[in-house]
Amino acid sequence: MKNVDIYTDGACSGNPGAGGYCAILIFNGIEKIVSGGEENTTNNRMELIAVIEGLKALKEPCDVNLYSDSQYVINAINERWLDKWVNSGWRADSKRGVKNVDLWQALIPLLKKHNVNFIKVKGHSDNEYNNRCDKIAVGIYKNAKDK
């Protein structure tokens, strides 16, 4: 399997509000950028969409190191929250349903297709790719707001 690094970030102005996302895929030193946005969304949705769109851009099953500054995304996978949500019928606890179920359900088959290692990076620090993703995601929602 090919080894690919994916850096992701989502951004939102207001919560909900205009949002943008970005994923930078790196394979053998070659970069591919996947980005987009929505008019009325949340930061967590943009973070998840960045992950989904990054993984969807892969044309074959890959070993992936996926870097994100989103505690929401990283913990859902690494702390096995996603497994618990699926097994509980999408209940976060006895009272609340899980948010963004549609996106989590879209992510599950991608996690089965690829071998993904989720790695937490500190946002807005010295990680070049995370900073580039953030700049692109913010630019998308700012551009949408200016129209």
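Please refer to the structure placed before this passage.
Here we summarise the structure given alongside this text. Note that this is a predicted model, so its numbers are computed, not measured. (Residues numbered from 1 in each chain as written. Predicted model: local features only at pLDDT ≥ 70, side-chain atom pairs only at ≥ 80, totals over all residues. Heavy atoms only, no water.)

Let's talk about the nonpolar core
Phase 1: With 33 residues, the main nonpolar core has Ile6, Leu55 and Trp104 as its most contacted residues.
Phase 2: Looking at this core, the elements with two or more residues in it are strand E1 (2-14), strand E2 (17-27), helix H1 (43-56), strand E4 (62-68), helix H2 (71-78), helix H3 (81-87), helix H4 (101-113) and strand E5 (115-120).
Phase 3: The biggest single contributor to this core is H1, with seven residues.
Phase 4: Residues contacting leucine 55, with those up to four places away along its chain left out, are Ile6, Val64, Leu66, Leu107, Leu110, Leu111, His114 and Val116.
Phase 5: If you look at the next biggest cluster of nonpolar residues, it comprises eight residues, including Tyr7, Ile24, Ile26 and Cys133. (Core = buried A, V, L, I, M, F, W, Y, C linked by side-chain atoms within 4.5 Å. Buried < 20%, exposed > 50% of the residue type's maximum accessible area, 1.4 Å probe, protein only. Helix = DSSP H or I, 4+ residues; strand = E, 2+ residues; numbered from the N terminus. Contact = heavy atoms within 4.5 Å.)

Observations concerning the sheet that holds E5
Phase 1: With mixed pairing, five strands are arranged side by side in an open sheet as E3-E2-E1-E4-E5. Only two strands of the sheet have a single neighbouring strand rather than two, namely strand E3 (30-41) and E5. Across this sheet, the average inter-strand angle for adjacent strands is 20°, counted without regard to direction.
Phase 2: Here E4 runs beside E5; their pairing, made up of six bridges, is parallel. (Pairing = 2+ DSSP bridges. Axes fitted to C-alpha atoms, helices over the stretch in contact; angles between N-to-C directions.)

Without other data, these values stay purely geometric and don't point to any function.
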